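Listed below are the residues making up each chain.
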Amino acid sequence: MDILTQIDHNTKLIGVIGHPIKHSFSPLMHNFEFRSKNLNYLYFPFDIPPSNLREALKAMLVLGIKGLNVTIPHKEKIIQYLDHVSDEAASVGAVNTIVNEGGLLHGYNTDIYGIVETLNPYKDEIYKNNVTIIGAGGSARAVIYTLIRHFRVEKIHVLNRTIEKVEALRDYFKDKMHFENIFSDELIPVDNIENIKSSNLIINTTPIGMYPNISETPIDISEVFNSNQMVFDLIYNPLKTEFLKIAEAKGATIINGLRMFVEQGAKAFELWTGELMDSNKIYKELQKRLG
Ligand code: NAP
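Residues numbered from 1 in each chain as written. Predicted model: local features only at pLDDT ≥ 70, side-chain atom pairs only at ≥ 80, totals over all residues. Heavy atoms only, no water.

Caption draft 1: How the structure looks around the overall build of the chain. The helix and strand inventory of the chain stands at 12 helices and 12 strands. By the compact-globule yardstick of 19 Å for 291 residues, the chain fits well, its C-alpha radius of gyration being 19 Å. Overall size of the chain, expressed as C-alpha extent along the three principal axes, is 60 × 40 × 35 Å. Within the chain, the proportion of its 291 residues that are buried is 52%. Contacts in the chain between residues at least 24 apart in sequence constitute 72% of all its contacts with a sequence separation of at least 6. Total accessible area computed for the chain in this model is approximately 13,300 Å², and 49% of it derives from carbon and sulfur atoms. (Helix = DSSP H or I, 4+ residues; strand = E, 2+ residues; numbered from the N terminus. Rg over C-alpha atoms; globule rule 2.2 N^0.38 Å. Buried < 20%, exposed > 50% of the residue type's maximum accessible area, 1.4 Å probe, protein only. Contact = heavy atoms within 4.5 Å. Areas by Shrake-Rupley, 256 points an atom, 1.4 Å probe, with all protein chains shown as cover.)

Below you can see the structure in the form of structure tokens.
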């Protein structure tokens, strides 16, 4: 059915809030699937700066918006404004999906599912090994939780521009998950190359290299990479970031953020509509458009 003829008083509105938001393919993904399944929903991008976060949630209630995705930089701050947070999202300390249940806002973290689905093919290589994570924001929290809970990693080195944020993360996971092996390193400049070299999984959770700044990379020291490593960039636009290109040139196995993006979206879709998204079909469609 044509999208415009479908809009009526029964249409349910879903959205994504973030700042910036231009890079996001969430509207495309969800509207595509709403139409494929003939569901009377519409998905909108909302550019919400941090100073308007609380007002955005008030508007969600006033306008009767059924659900939201939450992206950079709101995933942590938003928790304080929600009525209920799932156990997993509370353990992570970040929310990426909200469901409006009759005026009460419920928060979830579907990034965890996206990360598990992305890394499961490499489970044996990751299990009980060392990992380096770049960035200490909302998605880094989901990555750390998943690596501890689902992949039982040994040590996690976190490089970040703001070192206090890593220290806060370290204390948080020590308290919540009794995990004592998070170590902090400076990102600018990178202060401990040996830790990265000895990690068999390296993950970028910063937006550095994301469209439109596609020539940027969080680490430009190619010597840190080798052919025994897996290098995962959460960014999916572009599919191959500068960071992944440098790692690939050194023989590392590279993984982009598209599978995670689609799977976290599929879980959110299910929370809002009760229906399953055809994630393989969406993956292929987005790969074609981004490729
Ligand atoms: P966030 O909570 O705002 O955290 C961003 C992190 O990146 C912070 O640690 C921040 O450092 C660091 N950072 C940002 N700009 C930087 C710069 N110019 N130089 C150095 N460090 C910088 O954001 P997020 O929600 O975690 O999202 C991060 C990225 O992951 C985004 O690109 C997002 O699109 C992507 N993502 C992808 C998926 C997926 O499904 N594929 C899911 C979630 C997120 P400070 O602590 O110093 O500020």
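Caption draft 2: Representation of the sheet that holds strand β9 (residues 182-186) within the structure. With parallel pairing, the 6 strands of this open sheet are ordered in space as β9-β8-β7-β10-β11-β12. Sheet topology places β9 and β12 (253-255) at the edges, where each strand pairs with a single neighbour. If you compare each strand with its neighbour and ignore which way they point, the axes differ by 20 degrees on average. Where strand β7 (residues 130-134) lies against strand β8 (residues 155-160), 5 bridges are found, and the strand directions are parallel. Bridged to Ile134 within β8 is Leu159. Set on the sheet, helix α8 (residues 163-177) makes contact with β8 and β9; between it and β9 the angle comes to about 180 degrees. Along the sheet face, helix α10 (residues 242-249) touches β7, β10 (201-204), β11 (230-233) and β12 and points at about 170 degrees away from the line of β11. (Pairing = 2+ DSSP bridges. Axes fitted to C-alpha atoms, helices over the stretch in contact; angles between N-to-C directions.)

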